[in-house]
Each structure stands twice: as C-alpha cells, then as structure tokens.
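Okay, here's what each chain looks like letter by letter:
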Amino acid sequence: KTTGEEEIFIASSNGKVVRFKEDDVRRMGRSSSGVIGINLDGGKVVGCSTSTEGKYILSLTTKGYGKMSVCDDYRLTSRGSKGVLTLNATERVGDLAVMIAVEGNEDILITTNKGVIIRTSLSQVKIAGRNTQGVKIIRLDDDQTISSIAVTEANEEEVVETPNEETVSE
C-alpha cells in the first residue's frame, strides 16, 4: 500500500534501478494494462520497493555478492527510463538477483536454487556506493545461484541457561 506521495524503486537484472515519484503514474481502472515503470533493456524485473520501506537499497547478485546503498544515492528519474547503475554486474559477480529497501538492522534469509538457506545480519553487509560490485555474502558452488531472499527481524542472541548445582540430581 502507498499513500500516493512515495517514491518507487524498480530494479532490472542488468543492474539498473529506476527511481520515480508515485504521482508520475496516472490513476487507472482495474482492467487497464498500466504504464511502463522501467525500460528493461533485455533484463527482467528483480525487485520493487517504495521510499517508506527503508533507508537503504539492498542489492544481491546471482553469484552471492551484495551491498547496501543509501536510497538518496539514486537520482530521481522519470518512469519508463533505463535507470541508473546500482551494481556493476560482471561475469564474476553475476546479474542482479534481488533488490529490496531495508532499514539495515534486520536479518535476511537467502535461498539458493539448490535449497540452501542461510541467515545473516544486515549489520554485516557493507554499505557502499551505488556503482560498485559489493562483497561476497554467501559462498556458492558453480551450479548454485541466489533465487530469493526474505527480510526478518534481527535474531536476538539465545541465552543458554546452565542448571545450577542444587537442581542437578545424581
């Protein structure tokens, strides 16, 4: 849900993100086909977020590289444009797999195409400029790629209680 006053971020697998004002999209009926949000230029849409969902843009590649960038690093463009580079997608780091707005204090669950799931804190993910590759977040085999992520609340450390001497029976 949006209020009509947010900014929309849409990302393409070729590493580009378009940022535009929500009021650039005209109101339409339920059966209309809509308007173009991003010129995909051979890619596919891998993420969409609003400016109220977080202060950072989290970008992850298919080969396990990722980073967070401040939302204000992305210049405002018009909808339907090709966007600005968010991640320098190369053969080594892969294509952009996921883009989502985050606050930076959450945990993420990363799922691969082989069913491997890891949980990591976003406090361990590098905050970097918009046009960089990022750092290795998850180590993957050659035939593995990131397929999806989920953002969750930060995992509090579990306190393990040890029984005191009075309660231990022999």
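The preceding data block contains the structure.
Keep in mind that what you see is a predicted model, and the values were worked out from it rather than measured.

### Here we look at the sheet that holds strand β9 (residues 117-121)
Next up, step 1: Taking strand neighbours across the sheet as the criterion, the three strands line up as β9-β8-β11 in an open arrangement whose pairing is antiparallel. Each of the sheet's edge strands pairs with one partner strand only, and the pair in question is β9 and β11 (146-152). Neighbour-to-neighbour, the strand axes of this sheet turn through a mean angle of 25°, independent of strand direction.
Next up, step 2: Bridge analysis of strand β8 (residues 107-112) against β9 gives five bridges, and the strand direction is antiparallel. Looking across to β9, one finds that aspartate 107 is bridged to serine 121.

### Focus on unusual backbone geometry
Keep in mind that most residues, glycine aside, have a negative phi and that most peptide bonds are trans.
Next up, step 1: The backbone phi angle of aspartate 41 is positive, close to 50°, even though this residue is not glycine.
Next up, step 2: Mapped onto the elements of the fold, aspartate 41 is located in the loop between β2 (16-21) and β3 (45-50).

### Thoughts on the pairing of strand β4 (residues 56-61)
Next up, step 1: Along β4, six of the six residues are buried, which leaves the element largely enclosed by surrounding structure.
Next up, step 2: Where β4 lies against strand β5 (residues 65-70), five bridges are found, and the strand directions are antiparallel. In the sheet register, serine 59 faces β5, and the bridge partner there is lysine 67.
Next up, step 3: The hairpin turn running from β4 into β5, its antiparallel successor, is three residues long, and glycine 64 in that turn takes a positive phi close to 95°.
Next up, step 4: In this sheet, strand β7 (residues 96-102) lies alongside β4 in antiparallel orientation, the contact comprising six bridges. Looking at the pairing, leucine 60 lines up with valine 98 of β7.

### Section: the nonpolar core
Next up, step 1: If you look at the biggest cluster of nonpolar residues, it comprises 16 residues, and the most contacted ones within it are Leu58, Leu60, Met68, Ile110, Leu122 and Ile146.
Next up, step 2: Elements supplying a minimum of two residues to this core: β4, β7, β8 and β11.
Next up, step 3: Look past the residues within four positions of leucine 60 in its chain and what remains in contact with it is Tyr65, Gly66, Asp95, Leu96, Ala97, Val98, Ile108, Ile110, Ile137, Ile146 and Ile149.
Next up, step 4: Grouped together as the second largest cluster of nonpolar side chains are 11 residues, Phe9, Val17, Val84 and Leu96 included.

### Topic: the environment of valine 45
Next up, step 1: Looking at the secondary structure, you find valine 45 in strand β3.
Next up, step 2: With relative accessibility at 48%, the residue valine 45 sits in the partly exposed group.
Next up, step 3: When the C-alpha positions of valine 45 and glutamine 124 are compared, they lie 26 Å apart, and in sequence the two are 79 residues distant.
Next up, step 4: In contact with valine 45, other than residues within four places in its own chain, are Ile10, Ala11, Ser12, Ile38 and Leu40.

### Some words on the sheet that holds β2
Across a sheet, strands are paired by hydrogen bonds formed along the backbone, either parallel or antiparallel in direction.
Next up, step 1: The antiparallel open sheet is built from four strands, whose spatial order is β3-β1-β2-β6. Looking at the sheet topology across the chains shown, the edges are occupied by β3 and β6 (84-85).
Next up, step 2: The pairing of strand β1 (residues 7-12) with β2 spans five bridges and is antiparallel. Counterpart to isoleucine 10 in the pairing with β2 is valine 18.

### Let's talk about the state of the cysteines
Next up, step 1: One pass over the structure, following the stated rule, counts zero disulfides.
Next up, step 2: The cysteine cysteine 48 is free of any disulfide, with cysteine 71 supplying the nearest cysteine sulfur at 12 Å.

### Some remarks on the packing of aromatic side chains
Next up, step 1: Summed over the entire model, instances satisfying the criterion amount to one aromatic pair.
Next up, step 2: When the centroid spacing of 6.2 Å and the interplanar angle of 85° are considered together, the rings of phenylalanine 9 and tyrosine 74 count as edge-to-face. With phenylalanine 9 in strand β1 and tyrosine 74 in the loop between β5 and β6, this residue pair connects regions lying 65 residues apart in the sequence. This pair shows no difference in class: phenylalanine 9 is buried, exactly as tyrosine 74 is.

Reading guide: rules and limits
Residues numbered from 1 in each chain as written. Predicted model: local features only at pLDDT ≥ 70, side-chain atom pairs only at ≥ 80, totals over all residues. Heavy atoms only, no water. Pairing = 2+ DSSP bridges. Helix = DSSP H or I, 4+ residues; strand = E, 2+ residues; numbered from the N terminus. Axes fitted to C-alpha atoms, helices over the stretch in contact; angles between N-to-C directions. Buried < 20%, exposed > 50% of the residue type's maximum accessible area, 1.4 Å probe, protein only. Core = buried A, V, L, I, M, F, W, Y, C linked by side-chain atoms within 4.5 Å. Contact = heavy atoms within 4.5 Å. Disulfide = S-S within 2.5 Å. Phe/Tyr/Trp six-rings, centres within 6.5 Å; stacked < 30°, edge-to-face > 60°.

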